[in-house]
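# Architecture at a glance
Listed below are the residues making up each chain.
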Amino acid sequence: MTPPRVTVLGAGNMGAALIGGMLKAGVVAAENLTATTRSEASAAKLAERFSIVATAGGNRDAARMADIVILAVKPTSIAKVIHEIRDGLRENQLLISLAASLPLAVIESEVRLLMPVFRAMPNIPVVLEEGAIGICHNAIATRAQRDLVESLFRAVGIVAWVEDEQMDAVTALSGSGPAYVYIFIEAMIAAGLKMGLSRDVSARLAEQTVLGAAKHVRDSGLHPAILRDQVITPGGVTIAAIHELERHGLRSMLISAIETATHHSRQRTNALLEQINLPNS
Ligand SMILES: NC(=O)c1ccc[n+]([C@@H]2O[C@H](COP(=O)([O-])OP(=O)(O)OC[C@H]3O[C@@H](n4cnc5c(N)ncnc54)[C@H](OP(=O)(O)O)[C@@H]3O)[C@@H](O)[C@H]2O)c1
């Protein structure tokens, strides 16, 4: 199979993280990667950092050259960029949108061509190739095309296939999720300080505890409730702390937060469609 040519339109934070991961994993070669930005300065930085062709503007030509076109501009710029490139798109290209809150049907109707369209929701740990990425696809995408898209995103994390309707929940759970975990770590560090540990010791112990516990859940394949139970000694220290967490409703708080964020993401779709003047899907 010939290596795919990939174009990232709007290679800012997320686009650059993807480019870095794909190059590092070797799923795309630098000579097969192109990126665009709005400003000359950003394009020059990308070209220097990754040794790829990067241009300010030129979305149409960049998209035409690629087998896989990744739309990584902000959601409010998506329609403008699709209008710019759509005359040059082909049925055998793959189009991947990273835009939050923009359903597949909206992208499809703007593209006006029956082609494989994907929607991916990465999260910020993709910069360390430790992202969690939810992806959905339209009815046209084949198994082989899905495998190809999965191989690109596996370069920067784990991939979970979902339905388009579930992308708001993915946004709320893993898209925004790092922010919740940062608060958890921050609170643990504050607790360590309150109990007299130094800043450095508190920070190192808190971050490694979260990292180690997450790896334990993932690598053991066990439900976290089982692992939690294994740490509890009857009448011991851990159950005393868990009682406090339950009393203050930590679990219920997180469920409510993710439920609220899911609804917010759904509402944002309508606001976004009005803002960029697109029909509601
Ligand atoms: N960041 C996240 O954690 C995250 C998570 C999930 C999904 N996403 C999605 O990823 C997408 C990008 O987010 P981001 O955080 O990476 O944004 P960002 O850092 O602002 O990057 C946007 C990029 O688009 C470029 N751009 C703007 N207009 C353009 C145009 N007409 N043609 C070509 N390039 C253009 C900008 O160029 P200049 O640099 O020259 O201004 C910039 O490089 C969004 O749709 C967002 O919903 C982001």
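Residues numbered from 1 in each chain as written. Predicted model: local features only at pLDDT ≥ 70, side-chain atom pairs only at ≥ 80, totals over all residues. Heavy atoms only, no water.

### With respect to the domain arrangement of the chain
Here the chain is described as being made up of domain 1 (6–164) and domain 2 (177–259). Using only C-alpha atoms to locate each centre, domain 1 and domain 2 end up separated by 35 Å. (Domains from an automatic or database assignment.)

### Let's talk about the sheet that holds strand β5 (residues 94–97)
Read from one edge of the open sheet, eight strands run β3-β2-β1-β4-β5-β6-β7-β8, paired in mixed fashion. Edge strands, defined here as strands with exactly one partner in the open sheet, are β3 (53–56) and β8 (157–161). Strand after strand, the sheet turns through a mean of 20° between neighbouring axes, direction not considered. Here five bridges tie strand β7 (residues 131–137) to β8, and the two strands are oriented parallel to one another. What sits directly across from G134, in β8, is A160. Relative to the sheet, helix α5 (residues 104–111) contacts β5, β6 (117–121) and β7, its axis offset from that of β6 by approximately 140°. (Pairing = 2+ DSSP bridges. Helix = DSSP H or I, 4+ residues; strand = E, 2+ residues; numbered from the N terminus. Axes fitted to C-alpha atoms, helices over the stretch in contact; angles between N-to-C directions. Contact = heavy atoms within 4.5 Å.)

### Considerations on the site of the ligand
Residues in contact with the ligand amount to 23 residues; listed here are only the nearest, M14, S39, S42, A72 and V73. Between G12 and the ligand, the recorded distance is 3.3 Å, taken from a backbone N or O atom to an oxygen atom. With respect to the ligand, the backbone of A100 contributes an N or O atom lying 3.2 Å from an oxygen atom. Burial of the ligand by the protein chains amounts to 81% of its free accessible area of 900 Å². Counting residues per element, the ones that place at least two in the shell around the ligand are α1 (13–25), β2 (33–37) and α4 (75–85). Among the elements that take part in the shell around the ligand, α4 stands out by supplying three residues, more than any other. Its residues placed into classes, the shell around the ligand shows twelve nonpolar, eight polar and three charged. (Near = heavy atom within 4 Å. Polar contact = N/O pair within 3.5 Å; in protein donor to acceptor, adjacent residues only side chain to side chain. Areas by Shrake-Rupley, 256 points an atom, 1.4 Å probe, with all protein chains shown as cover. Nonpolar A, V, L, I, M, F, W, Y, C, P; charged D, E, K, R; others polar.)

### Re the nonpolar core
Of all hydrophobic cores here, the largest spans 34 residues; its most connected members are V8, M22, I70, I96 and F153. Of all the elements, α1 adds the most residues to this core, at five residues. Once you skip the residues sitting within four places of it in the chain, V8 turns out to touch G15, I19, M22, L33, T34, A35, T36, I70 and A72. Formed by 30 residues, the second largest nonpolar core is a distinct cluster that contains L9, V73, I78 and V111. (Core = buried A, V, L, I, M, F, W, Y, C linked by side-chain atoms within 4.5 Å. Buried < 20%, exposed > 50% of the residue type's maximum accessible area, 1.4 Å probe, protein only.)

### Examining the pairing of β2
Counting buried residues along β2, five of its five residues qualify, which places the element largely inside the surrounding structure. Summarising the sheet, strand β1 (residues 6–9) and β2 pair through four bridges and their orientation is parallel. Each bridged residue has a counterpart across the sheet, and for L9 the counterpart in β2 is T36. Here β2 pairs with β3 via four bridges, running parallel. Following the sheet pairing, A35 is matched in β3 by A54. The handedness of the β2 to β3 crossover, carried by helix α2 (residues 40–50), is right-handed. (Right-handed = clockwise from strand over helix to strand, strands pointing away.)

### Overview of the pattern of salt bridges
Applying the stated criterion across every chain yields a total of eleven salt bridges. Note that D67 and R5 form a salt bridge whose closest N and O atoms lie 3.1 Å from each other. Of this pair, D67 sits in the loop between α3 (59–64) and β4 (68–71) while R5 sits in the segment before β1; the two residues are 62 residues apart in sequence, bridging distant segments of the chain. Owing to a relative accessible area of 37%, R5 belongs among the partly exposed residues under this scheme. (Salt bridge = Lys/Arg side-chain N within 4 Å of Asp/Glu carboxyl O.)

### Looking at the packing of helix α7 (residues 167–175) against helix α8 (residues 177–194)
Two quantities define a packed helix pair, namely the angle between the axes and the distance from one axis to the other. Between α7 and α8, the shortest axis-to-axis distance is 5 Å and the interhelical angle comes to 30°. The orientation of α7 with respect to α8, classified from their angle, is roughly parallel. On α8, the residues that touch A172, L173, S174 and G175 of α7 are G177, P178 and Y180. Looking at the contact of α7 with α8 residue by residue, the classes come out as four nonpolar, three polar and no charged. (Parallel < 35°, antiparallel > 145°, perpendicular 65-115°, else oblique.)

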